[in-house]
Amino acid sequence: DVKVTQSSRYLVKRTGEKVFLECVQDMDHENMFWYRQDPGLGLRLIYFSYDVKMKEKGDIPEGYSVSREKKERFSLILESASTNQTSMYLCASSPYRGDSEQYFGPGTRLTVT
Amino acid sequence: AQSVTQLDSQVPVFEEAPVELRCNYSSSVSVYLFWYVQYPNQGLQLLLKYLSGSTLVKGINGFEAEFNKSQTSFHLRKPSVHISDTAEYFCAVINTGGFKTIFGAGTRLFVKA
């Protein structure tokens, strides 16, 4: 079974802190994604990566950056956390583009106070 | 640009009753369609997907969906729901050959005893 793990299930940070969310997948997938999930808005794509060291902006990249130094690991970075970044963050991976499903981690619920 | 509309934000239903969760999409190109389910405090997992061929697609846990190209719909159905089906359901669309999956806002299914 594909497994996608996220470093924390719950995280509380203060405004202005730099925050790292880590995601690791164990199935050698090419593509990895970061989403945020907010009630009534569904999932919105923040960034994705289709290869090591490659990244593309999604629909809401402002205030975020990413890093993919190794194929299995994709990190989301909040350079200076703000209260409007309080949300559920979901990482996903997929083996190839188009018709392949995405495999999701359990999510990190981030609260910024 | 693509979009996905889930027509009901919440659907309450009694146990053993049938249910339909509605999804409409818009796209100027060919797409693949997915339904994902999210149980409380978990990530998303795939229920079923339509890539091509038969317009009636069967998935896990007794769910099925019908692709209707003329109506641009992909409604999810189950003939008899269980308490354990209580979850949030997301309809999603992606261009054939694309990277970015567009998710609907989600439908919360509440199954009552």
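Provided above is the structure to which this section pertains.
Residues numbered from 1 in each chain as written. Chains lettered and ligands numbered in written order. Predicted model: local features only at pLDDT ≥ 70, side-chain atom pairs only at ≥ 80, totals over all residues. Heavy atoms only, no water.

A. Representation of the overall build of chain A. When you go through chain A residue by residue, the secondary structure sums to 0 helices and 11 strands. Start at the N end of chain A and walk to the C end: the helices and strands fall as β-β-β-β-β-β-β-β-β-β-β. Relative to its length of 113 residues, chain A is compact, with a C-alpha radius of gyration of 13 Å against a globular reference of 13 Å. Across the 113 residues in chain A, those meeting the buried criterion constitute 49%. (Helix = DSSP H or I, 4+ residues; strand = E, 2+ residues; numbered from the N terminus. Rg over C-alpha atoms; globule rule 2.2 N^0.38 Å. Buried < 20%, exposed > 50% of the residue type's maximum accessible area, 1.4 Å probe, protein only.)

B. Broad picture of the side chain of B:Thr107. Residue and element names in this part refer to chain B. Here Thr107 shows up in strand 12 (residues 107-112). Here the side chain of Thr107 touches Asp8 through a polar contact of 2.6 Å, landing on its backbone oxygen. In this structure, Thr107 is in contact with Gln6, Asp8, Ser9, Val11, Leu21, Ala87, Glu88 and Tyr89, ignoring residues within four places of it in sequence. (Polar contact = N/O pair within 3.5 Å; in protein donor to acceptor, adjacent residues only side chain to side chain. Contact = heavy atoms within 4.5 Å.)

C. How the structure looks around the sheet that holds strand 8 (residues 73-78) of chain A. All names here are of chain A. The strand order 1-3-8-7 describes an open sheet built from 4 strands, whose pairing is antiparallel. With one partner strand each, in any of the chains shown, strand 1 (4-6) and strand 7 (64-70) form the two edges of the open sheet. Each strand of the sheet is rotated relative to its neighbour by a mean of 20°, with strand direction disregarded. Both strand 3 (residues 19-25) and strand 8 contribute to a ladder of 6 bridges, which runs antiparallel. From the neighbouring strand, Phe20 faces strand 8, where its bridge partner is Ile77. (Pairing = 2+ DSSP bridges. Axes fitted to C-alpha atoms, helices over the stretch in contact; angles between N-to-C directions.)

D. Region of interest: the nonpolar core. The biggest cluster of nonpolar side chains holds 28 residues, and the ones touching the most others in it are B:Leu33, B:Trp35, B:Leu47, B:Leu48, B:Phe74, B:Leu76 and B:Tyr89. Here B:Phe74 is in contact with B:Cys23, B:Leu33, B:Phe34, B:Trp35, B:Leu48, B:Tyr50, B:Ala65, B:Glu66 and B:Phe67, once residues within four sequence places are set aside. Counting residues in hydrophobic clusters, the runner-up holds 20 residues, among them A:Leu11, A:Leu21, A:Cys23 and A:Val112. (Core = buried A, V, L, I, M, F, W, Y, C linked by side-chain atoms within 4.5 Å.)

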